[in-house]
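One-letter residues, chain by chain:
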Amino acid sequence: MVEIVIYSIIIGAIGGACIAAGASRMFHAPEVQSMGSFRTLGEMNACGGDPVAHFSFGLGFLFSSAASAVAAGALTQDVMHRIIPNWAAGILLARNKNVEETVQDPGKMAIAGAGVGAVLVTFLNSLSSVIPQKLSDVASGVLVPATTWLINPVMPAVFWLAALDGGKSTGIWGTVLGGISALVSGNAIPGIVLGILIGKTADENGYKSNVVKILIAIVVVMFIAIAYFRGFFNNF
């Protein structure tokens, strides 16, 4: 137990600092190189600089993350992408409501994120280690099928609808690349996301743009490589 706590503090602090600082740097893109999730940026913007909103948003994912830690013995992406950056922002905003001096300051966010990460990861890992195996098996039997249903049929449909809603170009590219991605990798989401990216870039710059041509070439080469190494061509 002591070993788990020590490792959790170290890993949680390092991971939390990196994630929180990365989320903060996204507010300064493209002037500086960012390193975070656009989803995280959008969710943090939606809180409108309100510390209570940041705390509440992160708290909403704490229980599901704790359940996953108990059932699977692993931390979900919500821990890093949703709870830590929002709680770090909430802590800073509780003392200073100026987002430019708090949420948009990578240094301060890194420090707050390190503290939140150390405490949160230690709590979740400790909780997972003390839960009886029988209870963990019960939780796993419930959560694993639910997660499978969410990832396989539900999430691709959500991303595909988003592509269709983005316009004709994103709808066509998202549908085509999503289908190809599902064939070669078994997951349509990466293809749909790339389709949205190509479609939006084409709408803004036109298909004669070198950026669009390079992007399409990269995607084509990438899918061919994935198909080859996964043995897709051997089925013919």
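Residues numbered from 1 in each chain as written. Predicted model: local features only at pLDDT ≥ 70, side-chain atom pairs only at ≥ 80, totals over all residues. Heavy atoms only, no water.

Now for the overall build of the protein. A count of helical and extended segments in the protein gives 9 helices and 0 strands. Starting at the N terminus and ending at the C terminus, the protein contains elements arranged as α-α-α-α-α-α-α-α-α. Per-residue burial for the protein yields a buried fraction of 37% across its 236 residues. When contacts within the protein are restricted to residue pairs at least 6 apart in sequence, long-range pairs at least 24 apart make up 65% of them. Total accessible area computed for the protein in this model is approximately 13,300 Å², and 69% of it derives from carbon and sulfur atoms. (Helix = DSSP H or I, 4+ residues; strand = E, 2+ residues; numbered from the N terminus. Buried < 20%, exposed > 50% of the residue type's maximum accessible area, 1.4 Å probe, protein only. Contact = heavy atoms within 4.5 Å. Areas by Shrake-Rupley, 256 points an atom, 1.4 Å probe, with all protein chains shown as cover.)

What the rule picks out here adds up to 2 aromatic pairs. Relative to Phe229, the ring of Tyr228 has its centre 5.2 Å away and its plane inclined at 80 degrees; by these criteria the two rings are edge-to-face. Neither residue differs from the other here; Tyr228 and Phe229 are each classed as exposed. (Phe/Tyr/Trp six-rings, centres within 6.5 Å; stacked < 30°, edge-to-face > 60°.)

For the pair helix 4 (residues 77-95) and helix 5 (residues 106-130), interaxial distance at closest approach is 8 Å and the crossing angle is 125 degrees. On the basis of their axis angle, the class for helix 4 and helix 5 is oblique. Like other packed secondary-structure pairs, helix 4 and helix 5 cross with a definite hand, here right-handed. Contacts between helix 4 and helix 5 pair Val79, Ile83, Ile84, Pro85, Trp87, Ala88, Ala89, Ile91 and Leu92 from the former with Lys108, Met109, Ala112, Gly113, Val116, Gly117, Leu120 and Leu124 from the latter. Residues that form the contact of helix 4 with helix 5 fall into these classes: 14 nonpolar, 2 polar and 1 charged. (Axes fitted to C-alpha atoms, helices over the stretch in contact; angles between N-to-C directions. Parallel < 35°, antiparallel > 145°, perpendicular 65-115°, else oblique. Left-handed = near helix turned anticlockwise from the far one by under 90°. Nonpolar A, V, L, I, M, F, W, Y, C, P; charged D, E, K, R; others polar.)

An α-helical turn contains 3.6 residues, so any two residues separated by three or four positions project in the same direction. Helix length check: helix 9 (residues 210-229), at 20 residues, gives a terminal C-alpha distance of 28 Å against a target of 28 Å (1.5 Å per residue), a fit within 8%. For helix 9, every residue scored as buried is listed here: Val212, Leu215, Val219, Phe223 and Ala227. All buried residues of helix 9 project into a common sector of 95 degrees when viewed along the axis, lining one side. Turned more than 90 degrees off the buried face of helix 9, the exposed positions are Asn210, Ile214, Val221, Tyr228 and Phe229. On the buried face of helix 9, the contacting elements are helix 7 (168-185) and helix 8 (189-205). Structurally, the start of helix 9 carries an N-cap: the backbone nitrogen of Val211 is 3.2 Å from a side-chain oxygen of Ser209. Once helix 9 finishes, Gly231 follows within two positions and takes phi at roughly 75 degrees, a positive value. (Expected span 1.5 Å × (residues − 1). Arc of directions from axis to C-beta. Polar contact = N/O pair within 3.5 Å; in protein donor to acceptor, adjacent residues only side chain to side chain.)

By themselves these figures say nothing about function.
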